[in-house]
Every structure is written in C-alpha cells, then in structure tokens.
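Fold and contact review
One letter stands for each residue in the lines below.
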Amino acid sequence: MENALLSLDHVSQMFKRSEGRDLKVLDDVNLSLKEGEIVGLLGKSGSGKSTLLRIVAGLIAPSSGSVVHSSAGVADGQLSIAMVFQTFALFPWLTVLENVELGLEALGVPSKEMRKRALAAIDLIGLDGYESAFPRELSGGMKQRVGFARALVVNPQILLMDEPFSALDVLTAETLKTDFLDLWLEHKVPLKSVLLVTHNIEEAVVMSDRILVFASNPGRILSEIKVDLPHPRDRQSMAFRIMVDQIYTLMTSGMAKPGAAIAEKSAEGTLYDKLPRVSPNQISGLVEALAEAPYHGQADLPALDQALGLGTEDVLHLVEALRMLKFAEVSSGDVKLTAAGKMFADAGTQKRKMIFAEHLIQSIPLAAFVYRVLQSRPGHHAPRIRFMTQLEDHMAEEDAEEALSAVTSWGRYAELFAYDDNAETYSLENPSA
Ligand code: ADP
Ligand code: MG
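Please read all numbers here as calculations on a predicted model, not as lab measurements.

Parameters and conventions
Residues numbered from 1 in each chain as written. Chains lettered and ligands numbered in written order. Predicted model: local features only at pLDDT ≥ 70, side-chain atom pairs only at ≥ 80, totals over all residues. Heavy atoms only, no water. Near = heavy atom within 4 Å. Polar contact = N/O pair within 3.5 Å; in protein donor to acceptor, adjacent residues only side chain to side chain. Areas by Shrake-Rupley, 256 points an atom, 1.4 Å probe, with all protein chains shown as cover. Helix = DSSP H or I, 4+ residues; strand = E, 2+ residues; numbered from the N terminus. Nonpolar A, V, L, I, M, F, W, Y, C, P; charged D, E, K, R; others polar. Salt bridge = Lys/Arg side-chain N within 4 Å of Asp/Glu carboxyl O. Buried < 20%, exposed > 50% of the residue type's maximum accessible area, 1.4 Å probe, protein only. Pairing = 2+ DSSP bridges. Axes fitted to C-alpha atoms, helices over the stretch in contact; angles between N-to-C directions. Expected span 1.5 Å × (residues − 1). Arc of directions from axis to C-beta. Contact = heavy atoms within 4.5 Å. Core = buried A, V, L, I, M, F, W, Y, C linked by side-chain atoms within 4.5 Å. pLDDT = per-residue confidence, 0-100.

**Digging into the site of ligand 1**
In the vicinity of ligand 1, the residues found are F15, V25, K44, S45, G46, S47, G48, K49, S50, T51 and R54. In the model, an oxygen atom of ligand 1 is placed 2.6 Å from a nitrogen or oxygen of the G46 main chain. The contact in question runs from an oxygen atom of ligand 1 to an N or O atom on the backbone of G48, over 3.0 Å. When the free accessible area of ligand 1 is taken as 570 Å², the share hidden by the protein chains comes to 61%. For the shell around ligand 1, the element with the most residues is helix α1 (residues 49-56), which contributes four residues. When grouped by side-chain class, the residues that make up the shell around ligand 1 number two nonpolar, six polar and three charged.

Printed below as a string of structure tokens:
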C-alpha cells in the first residue's frame, strides 16, 4: 500500500462468551490510513466499529492479523494516535483546562508547557473563556469540544473518532463538523490522517475522502467508496445525493448477507440468515405508505428516511424486511413496491394475511422450516428450543433469537402458526391445512 501511515493486515477479532461458541466480531479486515485523508468507517451499531478502533489505537491486540505502523514521514519514528469518544469521557471533578491537560500528563510534559499547550488547544477548538468551567456547566457540544481539545493537545498524527457527533443535536453536530473540517482543511492542526467511525451516511459523505462500508456479523469491509467532492460539500447537490443513494443501496442489500457479493438483487435466502426484527404492523405501515402519495409505489431511500423520521438504521431494517419478503425491491437508492407489494397494500385484512403467509413460505426459509417441522410432528407442536438449538449451531445467539422472534411475529400475523409465550411452544394454527 503506497505511503500508508498505518494499516491493518488481515485483522480478525473473537470474543470469549460465557457459554457456547466464541463470538467473531471482526473478520479479515484490511485497511490503511494514508497521509492527508479522512477515512470514514460506516456501519450499523454492533458491527464491531469500536472494537476496530480500539485495535487501531493499540488498546487491544487483535486475535489474528496485525497492525502495521509506518515510520516514513513521521519525525521520531513513533506514530502518535489520539481518540475522540461518543460519550465525551470527561472527568466531572476536573475543569476544562485540567481535562485537556490530562491528555499530556501521560506523556510527561513539564507542567508549564502542559498549561501552554492546553490553553492553545482550548483556543483552537473555540472554548476560549471556558478554561475553568466544569463539564456539568457545559452543553453537549461544548463537552465534545473538550473531547476534541484533549485529543488534539498531544499533536497526534492520527486521530480516531468514534461516533463523535452522534450524541449531539443536529445543529450542534453540524457546527462542530464544520469547525473540525476547517482545522483539517486549513492545516491548523498537524494531523496526518483521520479515521471517523459513524453510522450516519450523510456525515460520512460530508467528512470523508474515502468511505469503507462495514457489514455486520462478523464485521467486515463490504466496499470502499471514494468521495472526491470539493469542500465545503453541498448536501443538496446532485453528486452528493447520488453518492448518498448509492451507499443506502449498498447498506440495504448488504445487510442480510454480510460478505455476499453486493448484487442489488440478492440471491435466495438461507435458513440461517439474520432477519430484521420488525413487526408485521411496521411492515404493513411501510407498504401502505409506499403505495400512497407522494410515493405511488417508489421512493428515494434518503427522502423516505427523512420523511419517516425513525432513524436510518430502523428504516434500513424495515426496507430489508420488505425486500426479503419480496414486497419491494431496492436499486439505485430507491425502494420500489413489487406487484405483490402493491397487491398487499390494496388488500383487506384477511387477504393480507394470506399474501403474507404465502410470502413467508416462499421467501423466508426459517418460516417455511418452522411450518414444515410443525406439520411433520404428531400433535403439530414443537418447543421453541427445538429451533433455537438448531439456529445456534450456525448463528450467534442474539442473531438466532432475533431471527426466531421476527419469524414468530410474522407467522402469528399470517396465521401460519401459533406461539404460546408461557409454554414457549409453537403449534399449527390450522393443522388440516
Ligand atoms: P459498534 O461499535 O459497531 O457498535 P462494538 O465494536 O462495540 O460495535 O461491538 C461489536 C460486538 O462485539 C458486539 O456484539 C459487542 O457486544 C461485542 N463486544 C465488544 N467488546 C466486547 C468484549 N470486550 N467482550 C465480548 N464482546 C464484546
Ligand atoms: Mg461503537
């Protein structure tokens, strides 16, 4: 890799679990940070982003693979790395100045020099006048400015940011992003490279030179997208919207089968696919909304995300459910109802249940499997553990639980089978069928 300051080479991470098999959180991640770039790492929560950052920072050693530091272009041959956290991580009993000085204490900087540098960092990030304030006296945005000052005060070559704007309200986050980009673009800080972790697609496109789209379970890099739009980036511009659309599409189709080729039209599912845990009500609601004005069957994903106001992750899950059930297709950042989706939207309650049941059997292998097991058993019932045991041999426990919960709520709605919560038992709704 040309002039990489730091690279991860085939990094994987397993975590020990109290019971059962180990959890694989990162799978064969390769990435490099080059001089002069902001790299965005975009992924859902739980996909292993923070774990990856901790590995890059050297806070944990990866289970396998390596972290390679280059000494080229670094004065004393030592890469200095600092981190900004989502939760600010300030000490409540220390003032702003003292919190910032903490960044230098570990480096053994003499106290006079420490003060001078801390004051300069505070000034740089726009906290002038707040030196003696305590964290509780500051707004969220100001607290995060302290977080930035504490990271920047060490003059790091690499800055790692773990969702640094996601705890802030939208306007505050925008201001801080702009201020940070200004420092970076104007070379007011001696940073050489930045790794920004985020789950916010627009934020990644606003900030990054390169975006790595991360898939979950296990975390791995699905694709890399270069962003060569000039700064300041105009969110309303065609080029910006196209890029956002493209990433939405990648993230929707990449969700069910991490690591699978990112075909917009994905292959048939398997029994052990992750299933998004969304309720039949939510599914019906979205199909209805899509069928009506202003969408009339087709919607731009980012626009739909905005209009629904549920949060990007929930919207992606919902759209994913529609796609898996073949009520909708996703391409070029648009979600489009299929003929079956339109039929579902137009149907009354009973007809909807029938359509739903049909699609469960045909398109959701786990639903078909539960149904078949129940049909084949004398008495037509089976305990939940029958299915959990099998799923857990192939999936992480949480994923197995999620998938089974999703299928349970969908199967109940479709009256394909019944589930007794107390007895934890499935039974056929209509054994003669
Ligand atoms: P993200 O930052 O993308 O939300 P994380 O890296 O925090 O994801 O976590 C990824 C997965 O790894 C989660 O399922 C989490 O529960 C698990 N995990 C993280 N740290 C540990 C740990 N020290 N021990 C066991 N599991 C962990
Ligand atoms: Mg995280």
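**Notes on the pattern of salt bridges**
What the rule picks out here adds up to 21 salt bridges. The residue D22 makes a salt bridge to K16 at a minimum N-O spacing of 3.0 Å. Where E37 meets R210, a salt bridge forms, and the shortest distance between an N and an O atom there is 2.7 Å. One end of the pair, E37, is in strand β3 (residues 37-42); the other, R210, is in strand β8 (residues 210-215), and 173 residues separate them in sequence. R210 carries the same exposure label as E37, and that label is buried. The network of salt bridges with common partners includes E174, K177, E202, E203, R235 and R241.

**Details of the sheet that holds strand β6 (residues 158-162)**
Each strand in a sheet pairs with its neighbour through backbone hydrogen bonds, running either in the same direction (parallel) or in the opposite one (antiparallel). On the basis of which strands lie adjacent, the open sheet formed by six strands has the order β5-β6-β7-β3-β8-β9 and mixed pairing. For this open sheet the edge positions go to β5 (81-84) and β9 (220-226), each flanked by a neighbour on one side alone. The mean angle between the axes of side-by-side strands here comes to 20°, regardless of whether they run parallel or antiparallel. Bridge analysis of β8 against β9 gives six bridges, and the strand direction is antiparallel. Across the sheet, residue A215 finds its bridge partner in β9, namely R220.

**With respect to helix α3 (residues 111-124)**
Owing to its 3.6 residues per turn, the α-helix aligns residues three or four sequence positions apart on the same side. With 14 residues, α3 extends 20 Å between its outermost C-alpha atoms, agreeing within 8% with the 20 Å of an ideal straight helix rising 1.5 Å per residue. Among the residues of α3, M114, A118, A121 and I122 are the ones counted as buried. Angularly, the buried residues of α3 cover 100° about the axis, an arc narrow enough to put them on a single face. Counted as exposed and oriented over 90 degrees from the buried face of α3: K112 and K116. On its buried face, α3 sits against α2 (96-105) and α4 (140-152). One or two steps after α3, the chain reaches G126, where phi turns positive at roughly 85°.

**Side note on unusual backbone geometry**
The omega angle of the peptide bond from N217 to P218 is -10°, so this bond is cis rather than trans. Note that P218 resides in the loop between β8 and β9. Here the bond from A293 into P294 is cis, since omega is 0°, no more than 30 degrees from zero. In this structure, P294 sits in the loop between α8 (280-291) and β10 (298-300). Positioned with a positive phi, F88 is a non-glycine residue whose angle comes to about 70°. A relative accessible area of 13% means that F88 is categorised as buried. One non-glycine residue, N155, lies in the positive phi region at around 50°. Looking at where N155 falls in the secondary structure, it is placed in the loop between α4 and β6.

**Observations regarding the nonpolar core**
Membership of the largest hydrophobic core comes to 118 residues, with the highest contact counts inside it found for L159, F180, I247, I283, F327, F356 and L366. When residues no more than four places from it in sequence are discounted, the contact partners of F327 are I283, V287, L322, K336, L337, T338, A340, G341, F344, I355, F356 and H359. If you look at the next biggest cluster of nonpolar residues, it comprises 23 residues, including L5, V25, V197 and L212.

**With respect to the sheet that holds strand β11 (residues 328-331)**
Reading across the sheet, the three strands line up as β10-β12-β11 and stay open at both edges, with antiparallel pairing between neighbours. Because the sheet does not close on itself, it has two edges, and the strands there are β10 and β11. Averaged over neighbouring strand pairs, the angle between their axes works out to 20° when direction is ignored. Bridge count for β11 against strand β12 (residues 334-337) is four bridges, and the pairing is antiparallel. Residue pairing across strands places S331 opposite D334, the latter belonging to β12. Of the strands in this sheet, β10, β11 and β12 are in contact with helix α9 (residues 301-308), which crosses β10 at around 85°.

**Some points on the pairing of strand β14 (residues 417-420)**
For a regular strand, the rule is simple: side chains alternate between the two faces of the sheet. Along β14, the buried face is formed by F417 and Y419; none of A418 and D420, which line the opposite face, is buried. When β14 meets strand β15 (residues 425-428), the two strands line up antiparallel, connected through four bridges. Across the sheet, the residue bridging to F417 is L428, located in β15. Between the end of β14 and the start of β15, which pair antiparallel, lie four residues, with E424 showing a positive phi angle near 50°.

**Quick word on the confidence of the model for the protein**
For the protein, mean pLDDT is 89; residues scoring 70 or higher make up 94% of the total. Confidence drops under a pLDDT of 50 for residues 256-267, and excluding neighbours within four residues, the segment shows 28 contacts in the predicted structure.

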